[in-house]
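# Examining the three-dimensional arrangement
Residues per chain are reported as follows:
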Amino acid sequence: MPTRIAVLASGSGSNLQALLGAADLGGEIVLVASDRHDAGALERAAAAGVETALVAFGDYRDRAAWDAALRERVAAARPDLVVLAGFMRILSADWPRAWPMLNTHPSLLPAFPGARAVEASLAHGVKVTGATVHFVVEEVDAGPIVAQEAVTVRPDDDAATLHERIKAVEHRLLPEAVRLFCAGRLELEGRHVRVRGAAPSHGARH
């Protein structure tokens with residue numbers, strides 16, 4: 001049976017589109033849910049024939065009620081994996097206890113966690129940033145890292161131009177991480193994620 005995947009997205013859904021367009025993902029996206037009425041991700045999902053759910057944050061009396069409603073809606077889809085693809089709200093600790101979860105983040109974690117990672121990296125003056133895909137844990141942007149790739153910061157970058165180049169990397173890394181999960185090739189050893197069956201490295205040792 002294909003791995004059942006639920007995707008949460010708040011924005012335009014470009015990372016969702018990368019998943020929808022990925023060949024041999026090894027899983028089926030059974031639900032796309034969002035916290036925003038204007039999320040382009042819902043339109044992309046509907047166009048692809050994927051079930052959608054809008055659980056708008058402002059429709060609930062508080063964060064706990066919203067979180068519980070979203071969790072109930074996702075649970076009804078019976079996912080084996082939950083993917084955060086540009087989802088901009090913090091979820092309760094009940095989520096990673098219920099399902100394995102993957103998240104994509106626009107920095108080389110543990111540097112610059114949080115919602116404004118691209119702006120923070122520019123403000124700090126780093127020469128290199130990047131994209132990270134990691135497992136979700138109770139702490140924000142702190143889970144074991146599945147994949148990372150560096151992106152050079154150009155002297156004339158602003159948040160928009162830098163984020164576009166980071167997203168291009170995310171669009172490759174996230175489907176590959178999901179593909180490895182669906183194939184049962186990701187193994188957790190403490191904070192380390194090992195890829196079962198990966199080719200051994202023959203690089204020089206220093």
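Residues numbered from 1 in each chain as written. Predicted model: local features only at pLDDT ≥ 70, side-chain atom pairs only at ≥ 80, totals over all residues. Heavy atoms only, no water.

Take the overall build of the protein chain next. In terms of helices and strands, the protein chain carries 6 helices and 9 strands. Here the C-alpha atoms of the protein chain give a radius of gyration of 17 Å, agreeing with the 17 Å that 2.2 N^0.38 yields for 206 residues. Principal-axis analysis of the C-alpha atoms gives the protein chain an extent of 50 × 40 × 30 Å. Taken across its 206 residues, the protein chain has 45% of its residues classed as buried. (Helix = DSSP H or I, 4+ residues; strand = E, 2+ residues; numbered from the N terminus. Rg over C-alpha atoms; globule rule 2.2 N^0.38 Å. Buried < 20%, exposed > 50% of the residue type's maximum accessible area, 1.4 Å probe, protein only.)

The subject of this paragraph is the confidence of the model for the protein chain. Of all residues in the protein chain, 96% attain a pLDDT of 70 or more, and the chain-wide mean is 95. Predicted confidence is poor over residues 202-206, with pLDDT under 50, and the contacts of this stretch with residues over four places away or in other chains come to 0 contacts. (pLDDT = per-residue confidence, 0-100. Contact = heavy atoms within 4.5 Å.)

For strand β1 (residues 3-8), the buried fraction is high: 5 of the 6 residues fall into the buried class. Here 6 bridges tie β1 to strand β2 (residues 27-34), and the two strands are oriented parallel to one another. Among the inter-strand pairings, Val7 is bridged to a residue of β2, identified as Val32. Handedness of the crossover joining β1 and β2 through helix α1 (residues 14-20) is recorded here as right-handed. (Pairing = 2+ DSSP bridges. Right-handed = clockwise from strand over helix to strand, strands pointing away.)

Moving on, we come to the packing of aromatic side chains. One pass over the structure, following the stated rule, counts 3 aromatic pairs. Here the aromatic rings of Phe57 and Trp66 are separated by 5.3 Å at their centres, their planes lie at 70°, and the arrangement is edge-to-face. Owing to a relative accessible area of 22%, Phe57 belongs among the partly exposed residues under this scheme. (Phe/Tyr/Trp six-rings, centres within 6.5 Å; stacked < 30°, edge-to-face > 60°.)

Summed over the entire model, instances satisfying the criterion amount to 14 salt bridges. Between Asp38 and Arg36 there is a salt bridge, and its shortest N-O distance comes to 3.0 Å. Residue class for Arg36 comes out partly exposed when judged on its relative accessible area of 38%. Salt-bridge contacts for Arg179 lead to Glu176; the nearest nitrogen and oxygen are separated by 2.7 Å. Here Glu176 and Arg179 lie together in helix α6 (residues 159-182), a separation of 3 residues that amounts to about one turn. Assessed through its relative accessible area of 25%, Arg179 is described here as partly exposed. When salt bridges with common partners are traced through the structure, they connect Asp67, Arg71, Asp94, Arg97 and Glu138 into a single cluster. (Salt bridge = Lys/Arg side-chain N within 4 Å of Asp/Glu carboxyl O.)

Between its first and last C-alpha atoms α6 spans 33 Å; for 24 residues at 1.5 Å apiece the expected length is 34 Å, and the two agree. Sitting at the head of α6, Asp158 places a side-chain oxygen 3.1 Å from the backbone nitrogen of Ala160. Immediately downstream of α6, the backbone of Gly184 shows phi near 70°, a positive value. (Expected span 1.5 Å × (residues − 1). Polar contact = N/O pair within 3.5 Å; in protein donor to acceptor, adjacent residues only side chain to side chain.)

Moving on: the packing of helix α5 (residues 117-124) against α6. Following both chains from N to C, one finds α5 and α6 inclined at 115°, their axes separated by 10 Å at the closest point. α5 and α6 meet at a crossing whose hand is right-handed. Across the interface between the two elements, Val118, Glu119, Ser121 and Leu122 of α5 pack against Ala159, Leu162, His163 and Ile166 of α6. Here the residues of the contact of α5 with α6 sort into 5 nonpolar, 2 polar and 1 charged. (Axes fitted to C-alpha atoms, helices over the stretch in contact; angles between N-to-C directions. Left-handed = near helix turned anticlockwise from the far one by under 90°. Nonpolar A, V, L, I, M, F, W, Y, C, P; charged D, E, K, R; others polar.)

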